[in-house]
Amino acid sequence: MSSPSSGPLKVCILGSGNWGSAIARIVGANAKANNEFVDEVNMWVFEEMIEGKKLTEIINTTHENVKYLKGYKIPENVVAIPDAKDAVKGANIIVFVIPHQFIERICKDIQGCVEKDALAISLIKGVTVKDNGLQLITEVIKSYLNIEVNCLMGANLAPEVAAGYFCETTIGCRDAEAGKMLKTLFQADYFRIVVVEDATTVELCGALKNIVAVGAGIVDGLGLGDNTKAAVIRLGLMEMVAFASEFYKNTETATFLESCGVADLITTCYGGRNRRVSEAFVKTGKSIEELEKEMLNGQKLQGPETAREVNLMLKAKNMTDRFPLFTAIFKICYQDLPAKDLIGCLNNHPVHM
Ligand SMILES: NC(=O)c1ccc[n+]([C@@H]2O[C@H](COP(=O)([O-])OP(=O)(O)OC[C@H]3O[C@@H](n4cnc5c(N)ncnc54)[C@H](O)[C@@H]3O)[C@@H](O)[C@H]2O)c1
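From a predicted model like this one, the values you see are computed outputs, not experimental measurements.

Caption draft 1: Spotlight on the nonpolar core. In this structure, F243, F326 and L342 are the most contacted members of the largest nonpolar core, which totals 53 residues. Broken down by element, the residue count for this core peaks at twelve residues, all from helix α8 (residues 199-221). Setting aside residues no more than four positions away along its own chain, F243 makes contact with L134, L204, L208, Y248, V310, L314, F323 and F326. With 45 residues, the next largest nonpolar core counts W19, V41, V161 and F186 among its residues.

Shown next as structure tokens:
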């Protein structure tokens, strides 16, 4: 990574959805306020036509992402760019904030255009499947671009961050100097950051909690109470911890107490699109795909897809019995298991035996 002494660092944000646009408000303001960074921040925007106008042009003239974060200004030093290759040119810090479904496509697109010593940070919650195993998003990025990749995850529903409501987040970064610089780039008085070295657990929390959020939505859809939801959250947390320690070396249980862990799990099981769509899935009987289109205006769901990816790995390792909540959620979303059977699946949870 270029050190601050070699000149101000150029920042590029890849993505401009709900979270991408909210974080651009903080990153844009911090880049302008700190000499450590170049004022102008590039933001790659997946081009779309909105009422006959290009979204990039709308953002560059009105400084508002009218599709994904209506009602909030993005600082004028954040420049929307439709070509990702142009956006990453000369960037020292690359912020990845796109739905995980698109990560390989974008990495392939920018391969060869990224500075060799650039530093990346992923705000993406999800995993991908490779050879019957899982690949973390930071690993995917590293495999394509061969640069250092950190992560930022926390209890951060984008509309609330955009509104400036106090919250915390966690940066997973193994290098103390880089961690400090990233904290300067992302912290605000209403967005407080703790940097931890255990980046793998930070990232796993961000991905796995979306599966539990689907469980919480199913509980709401069935009209069950807060006690049931609390049980689903607790069992979900137990499965997250078990999954991390089973498949990843040196993960620390203490990391689950950071914002990326228990706090994100709570917020996502009460607010959040995964919970909301899963509740509607139970109440309407429509498919997840149908509801995603109907309810999310172009935003993407991560929970059901992550449940499917995790299930592939658990099946391959013959371990579905040890993860009854993750497994039941997969079966409800993809194999027509009736939603009401969720609770039955939890009766025999290993923690109760
Ligand atoms: N929204 C939140 O509250 C929140 C909070 C924390 C983390 N996250 C994570 O941040 C990541 C990005 O989420 P978001 O809320 O910014 O996105 P989003 O779901 O709001 O928006 C979808 C984005 O995908 C883009 N897109 C659509 N089709 C595309 C294509 N074919 N190729 C590439 N891009 C395409 C759209 O332009 C848009 O920027 C996700 O991993 C999410 O889990 C979201």
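That shown, we press on.
Caption draft 2: The pattern of salt bridges, seen in detail. Taken as a whole and judged by the stated rule, the model has 15 salt bridges. For K89, the salt bridge goes to D86, with nearest N and O atoms at 3.4 Å. We classify D86 as partly exposed; its relative accessible area is 38%.

Caption draft 3: Examining the packing of α8 against helix α13 (residues 303-316) more closely. Running from N to C, α8 and α13 cross one another at 110°; their axes reach a closest spacing of 8 Å. Comparing the axis directions of α8 and α13 gives the class roughly perpendicular. In this structure, the crossing between α8 and α13 has a hand that is left-handed. Where α8 approaches α13, its residues A207, L208, N210, I211 and V214 are matched on the opposing element by G303, P304, T306, A307 and V310.

Caption draft 4: Layout of unusual backbone geometry. Residue N146 is not a glycine yet carries a positive backbone phi of 55°. For N146, the location among the structural elements is in the loop between α5 (137-145) and β10 (148-153). The phi torsion at N250 lies on the positive side, around 60°, for a residue other than glycine. Looking at the secondary structure, you find N250 in the loop between α9 (226-247) and α10 (259-270). What makes N250 exposed here is its relative accessible area of 69%.

Caption draft 5: Quick look at helix α14 (residues 324-334). α14 sits mainly inside the fold: nine of its eleven residues count as buried. Taken together, the buried positions of α14 are occupied by P324, L325, F326, T327, A328, I329, F330, I332 and C333. If you follow the buried residues of α14, they end up packed against α8, α9, α11 (273-284), α12 (288-296), α13 and α15 (341-347). Looking one or two places after α14, you find D336, whose phi comes out positive at around 60°.

Caption draft 6: Region of the structure containing the side chain of T200. Within the secondary structure, T200 is located in helix α8. For T200, the residues in contact, after removing those within four places along its chain, are L136, R174, Y248 and T251.

Parameters at a glance
Residues numbered from 1 in each chain as written. Predicted model: local features only at pLDDT ≥ 70, side-chain atom pairs only at ≥ 80, totals over all residues. Heavy atoms only, no water. Core = buried A, V, L, I, M, F, W, Y, C linked by side-chain atoms within 4.5 Å. Buried < 20%, exposed > 50% of the residue type's maximum accessible area, 1.4 Å probe, protein only. Helix = DSSP H or I, 4+ residues; strand = E, 2+ residues; numbered from the N terminus. Contact = heavy atoms within 4.5 Å. Salt bridge = Lys/Arg side-chain N within 4 Å of Asp/Glu carboxyl O. Axes fitted to C-alpha atoms, helices over the stretch in contact; angles between N-to-C directions. Parallel < 35°, antiparallel > 145°, perpendicular 65-115°, else oblique. Left-handed = near helix turned anticlockwise from the far one by under 90°.

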